[in-house]
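Close look at the chain arrangement
Chain by chain, the residues run as shown.
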Amino acid sequence: MRRLLILLAAMVAAALSAAPAFAAKRVALVIGNNDYRNVPKLQKAVNDARSIGDALKSLGFSVMVAENQTRQAFSQSLLAFDSTIEKGDTAFFFFAGHGFEIAGQNFLLPTDVPAATEGQEELVRDSAILADRIVTRLQMRGARTSILVFDACRNNPFERAGTRAVAGSGGLAPMTTLPEGVFSIFSAGPRQTALDRLSNNDTDPNSVFTRAFIKELQEPSLNLVQVAQRTRRTVSEMAETVKHRQVPVYFDQMVDDVFLNGVALKQADARPAEPLQQVAALPPVNVPQLPPANDAVNAPIASFSRHNGGWTVMFSIADPTLGISWRMGEGGNFRETGFMDTLDPRTRKRMPNPAIQLDADAAATTIYLRYVDANGEMQGPFPIRFDPEAALVRDQRKILDMTAGSWLAFGGYNTPLMYYTHLMSYRCAIREARVGIDSAVPDKLLKFPPCDLRDPIATPSDAETYIKIPASTKFVSVELTFRDGSISETKSFRRSGNR
């Protein structure tokens with residue numbers, strides 16, 4: 001008995017000592033800078049920070065709000081934030097103020113940044129905060145989820161009458177190489193500036209981006225991507241009312257869907273789990289079940305491909321399988337995918353078909369997938385989110401990346417032409433495309449009709465798929481800005497011979 005008690009005590013002590021590893025929390029640092037000393041002051045950055053802080057507190061975050069930060073104060077705030085982050089935490093960083101891009105790197109400007117002029121880029125670098133460094137700090141602290149929001153894409157703060165401004169951009173550069181587990185959103189896209197207000201009569205205390213972002217952030221059951229997409233749509237529409245182009249962009253390296261509003265998760269917790277089945281052909285299911293954790297080691301992944309007849313969904317399952325079943329949405333029967341006329345060398349049995357077909361007009365939903373493993377045991381159900389628009393963009397972006405050598409073509413006889421038919425076919429993944437005629441700097445905007453989700457590859461009969469080019473043209477450069485805000489490498493297409 002004594003040995004048993006000692007063993008139980010040791011187990012309890014071990015459990016208690018391990019508890020902090022699972023006690024993940026939500027922490028946030030929110031910074032707003034209005035009172036710049038040497039560059040133009042801002043009006044709403046501090047209000048934006050306060051409003052974001054209040055919103056995050058309502059979502060269960062422990063929030064630090066810092067206002068009008070000098071370089072030293074900014075560094076101290078970051079150090080204090082570092083000390084609150086533990087392994088597995090969700091870390092949220094928000095900055096409203098002046099931001100500046102130099103040679104592809106983003107710098108957040110403290111209030112005491114000097115008034116630099118041409119040739120003084122290093123002065124700005126030394127006195128500002130490198131945005132990429134904040135990402136690195138969060139990673140080093142072990143944050144499982146890092147969310148960075150920059151409402152800082154304003155005009156070049158160093159522009160002054162009578163002087164040549166420091167070389168750089170008021171708009172921030174895209175962050176396309178984020179590490180896993182990081183999500184960032186910018187209030188405006190590349191080469192765009194963010195609006196503080198819609199007009200002089202706009203009395204809203206927050207900037208156009210922040211007022212829209214806060215509203216979507218507090219909506220229940222939305223993941224981060226949905227929050228970003230809805231914010232982008234709202235901000236873009238608001239900016240268009242005053243003839244301004246502002247399209248927020250986001251960069252997503254999350255492994256799982258992240259929901260900041262816990263309402264949907266609490267509702268899901270109340271759902272009873274369905275009893276485990278032992279065959280691939282499942283009986284009707286009338287009771288919603290609790291989806292398994294998204295980080296399950298053997299969770300399948302899916303790729304979506306759009307074609308003229310609809311969608312092909314290809315499932316990748318690490319384990320050998322004896323049967324695969326699926327259904328759309330929360331109710332109804334599971335259906336088997338069937339079998340292929342080939343043997344799986346791992347099981348020596350017919351290989352289950354890893355693909356299903358969906359109609360072209362299939363709506364956004366969740367696909368639930370199950371499979372029978374080599375031991376005859378049912379695994380799942382695994383929820384797989386299907387968003388037709390997002391899936392189409394990802395699929396077309398992948399095709400464009402794989403076929404970069406076919407973006408442009410040349411033709412014509414008496415009149416030389418440059419064709420962009422290939423780009424037209426995959427325009428749903430493209431926000432804008434620019435070309436440069438005998439120039440390494442693409443500066444001419446190509447025209448695309450709107451994306452048609454019902455028939456995305458088709459080219460409208462009245463759409464132009466070419467432009468006229470001078471007979472002396474030797475090469476054409478092209479740069480694509482994708483729907484997620486990322487920008488392609490500048491590709492060069494050489495015209496062989498003059499027609």
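For the structure itself, look to the data block above.
Right, let's walk through the structure included here. Per chain, the residues get numbers from 1 upward, laid out in the order the sequence is written. In view of the model being predicted, local features appear only for residues whose pLDDT reaches at least 70, and side-chain atom pairs are presented and counted only at 80 or more, with totals across whole chains, interfaces and linings using the full set of residues. With hydrogens and water set aside, each side-chain value is computed from the structure's full complement of heavy atoms.

**Describing the pattern of salt bridges**
Once the charged atoms of two side chains with opposite charge are near each other, the side chains can pair. Formally: One side-chain nitrogen of Lys or Arg within 4 Å of one carboxyl oxygen of Asp or Glu is enough to make a salt bridge.
For the structure shown, the criterion picks out 14 salt bridges. Measuring nitrogen to oxygen at the nearest pair gives 3.3 Å for the salt bridge that ties Asp-344 to Arg-346. Note that Glu-489 and Lys-491 form a salt bridge whose closest N and O atoms lie 3.9 Å from each other. Via salt bridges that share partners, Lys-25, Glu-86 and Asp-89 belong to a single interconnected network.

**Notes on the pairing of strand 21 (residues 430-437)**
Using the following cut-off: Accessible area is worked out with a 1.4 Å probe on protein chains only. A residue is then buried under 20% of its type maximum, exposed over 50%, and partly exposed in between. Elements are defined by DSSP. Helices are runs of H or I of four residues or more, strands are runs of E of two residues or more, and each kind is numbered from the N terminus. Pairs of strands are assigned from DSSP output, requiring at least two bridges between the strands.
Counted residue by residue, strand 21 has six buried out of eight residues, so it is predominantly covered. Strand direction decides the pairing type here: strand 21 and strand 24 (residues 475-482), joined by seven bridges, are antiparallel. Bridge pairing in strand 24 places Val-435 opposite Val-478. Both strand 21 and strand 22 (residues 444-445) contribute to a ladder of two bridges, which runs antiparallel. For Arg-434, the partnering residue across the bridge sits in strand 22 and is Leu-445. Counted along the chain from strand 21 to the antiparallel partner strand 22, the turn is six residues long, and its residue Asp-438 has a positive phi close to 55 degrees.

**Concerning helix 7 (residues 224-240)**
Operational definition: The length a helix should cover is 1.5 Å for every residue beyond the first.
Between its terminal C-alpha atoms helix 7 stretches 24 Å, which fits the 24 Å expected from 17 residues at 1.5 Å a residue. For helix 7, the set of buried residues is Leu-224, Gln-226, Val-227, Ala-228, Gln-229, Thr-231, Arg-232, Val-235, Ser-236, Met-238 and Ala-239.

**Regarding the sheet that holds strand 23 (residues 466-468)**
The cut-off we apply is this: Axis lines are fitted through C-alpha atoms, for helices just across the contact stretch, and the angle between N-to-C directions can take any value from 0 to 180 degrees.
As summarised here, the arrangement of the three strands in space is 19-20-23, forming an open sheet in which the pairing is antiparallel. The sheet terminates laterally at strand 19 (409-411) and strand 23, the two strands that pair on one side only. Here the strands of the sheet are splayed against their neighbours by 25 degrees on average, with no regard to which way each runs. The sheet contact formed by strand 20 (residues 417-419) and strand 23 spans three bridges and is antiparallel. Along strand 23, the bridge assignment pairs Leu-417 with Lys-468.

**Quick notes on the nonpolar core**
Applicable threshold: Only buried residues count toward a nonpolar core, which is a set of Ala, Val, Leu, Ile, Met, Phe, Trp, Tyr and Cys residues joined through side-chain atoms within 4.5 Å. Any two residues having at least one pair of non-hydrogen atoms within 4.5 Å are treated as being in contact.
In this structure, Leu-56, Phe-92, Phe-93, Phe-95, Phe-150, Phe-213 and Leu-260 are the most contacted members of the largest nonpolar core, which totals 74 residues. In this structure, Leu-260 is in contact with Arg-26, Leu-59, Phe-61, Phe-92, Ile-147, Leu-217, Leu-222 and Leu-224, ignoring residues within four places of it in sequence. Trp-407, Leu-408, Tyr-426 and Val-435 belong to the second-largest nonpolar core, a separate cluster that totals 22 residues.

**Some points on empty space enclosed by the protein**
Basically, it comes down to this: Grid points spaced at 1 Å and placed over the protein atoms alone form the basis of the search, with a cavity being a set where a 1.4 Å probe fits but cannot get out and a pocket an open set showing protein on both sides within 12 Å along at least five of seven lines. Lining residues have an atom within 4 Å of a point. Grid points are joined across faces, edges and corners, and a volume is the space filled by probe spheres set on the points. Here the term charged refers only to Asp, Glu, Lys and Arg, the term nonpolar to Ala, Val, Leu, Ile, Met, Phe, Trp, Tyr, Cys and Pro, and the term polar to all other amino acids, Gly among them.
For the coordinates displayed, the defined rule picks out one cavity of 30 Å³ or more. What lines the largest cavity is simply Glu-216, Leu-217, Glu-219, Leu-222, Asn-223, Leu-224, Val-227, Val-258, Leu-260 and Asn-261. Put simply, the parts of the chain that give the lining of the largest cavity at least two residues each are helix 6 (208-217) and helix 7. Tallied by class, residues from the lining of the largest cavity come to six nonpolar, two polar and two charged.

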